[in-house]
Amino acid sequence: MTDDAPPELTPLDPAFITTSRIATALGLLPFVIGAAVLELTKLLPPGSFLVPMFLVYAFVAFTVPARKYRHWGYVMGTDQLRVVRGYMFYNDTIVPFGRIQHIDVDQGPIDRRYGLSKLTVHTAGNHNSTVTLPGLAHADALAMRAAMRAAIRQEIL
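The notes below deal with the structure included here. (Residues numbered from 1 in each chain as written. Predicted model: local features only at pLDDT ≥ 70, side-chain atom pairs only at ≥ 80, totals over all residues. Heavy atoms only, no water.)

1. A short note on a nonpolar patch on the surface
Part 1 of the argument: Together, L26, L29, I33 and V37 make up a nonpolar patch on the protein surface, roughly 340 Å² of accessible area in all.
Part 2 of the argument: Relative to the helices and strands, L29 resides in helix α1 (residues 15-40). (Patch = residues over 30% accessible without salt bridge, like charges linked within 9 Å, V, L, I, M, F, W, Y side chains within 5 Å. Areas by Shrake-Rupley, 256 points an atom, 1.4 Å probe, with all protein chains shown as cover. Salt bridge = Lys/Arg side-chain N within 4 Å of Asp/Glu carboxyl O. Helix = DSSP H or I, 4+ residues; strand = E, 2+ residues; numbered from the N terminus.)

So, in structure tokens, the structure goes:
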């Protein structure tokens, strides 16, 4: 590896796949219920909409979260955070600690059940001023926030 080569990315916590599957399944559930209602009220022939909708539901809920997990990563340096995500639309964001305004660590009920958190870094400026890193183990997110705060404090002094 040369000096110009990017460092190896740290993957998200594997539980992110499970939490993403649950969130995706819950988000798509109204569409499946709508398809079932259309067929139960006999507005559509039996199986014409519910079966394809259920197949799409199962495909999206089980394959997309695993693909999303494989295409997220980060590198926490001593003076910056690099977040890389995307497959078709690739996004590589570097946040210098000197530009950070504040840092949030969030947990929803599904994340809390699996011990995950979402780290959100707000920076100065208005374009791409918020960088979000989901799927971190809660302890890792808290440690990253503490390390960033310490580095910011060090720069101020």
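2. Some words on the pattern of salt bridges
Part 1 of the argument: On inspection of all chains with the given rule, the structure shows one salt bridge.
Part 2 of the argument: The shortest N-O distance in the salt bridge between D92 and R82 comes to 2.7 Å. Of this pair, D92 sits in strand β3 (residues 91-96) while R82 sits in strand β2 (residues 80-85), and the two are 10 residues apart along the sequence.

3. Remarks on the sheet that holds β3
Part 1 of the argument: Pairing within the open sheet is antiparallel, and its three strands lie in the order β1-β2-β3. This sheet does not close on itself; its edge strands, each paired only once, are β1 (72-76) and β3. Along the sheet, successive strands turn relative to each other by an average axial angle of 10°, direction set aside.
Part 2 of the argument: Sheet topology note: the β2/β3 ladder contains six bridges and is antiparallel. Of the residues in β3, the one forming a bridge with R85 is N91.
Part 3 of the argument: Sheet contacts for helix α4 (residues 138-156): β1 and β2; angle to β1, the most-contacted strand, approximately 40°. (Pairing = 2+ DSSP bridges. Axes fitted to C-alpha atoms, helices over the stretch in contact; angles between N-to-C directions. Contact = heavy atoms within 4.5 Å.)

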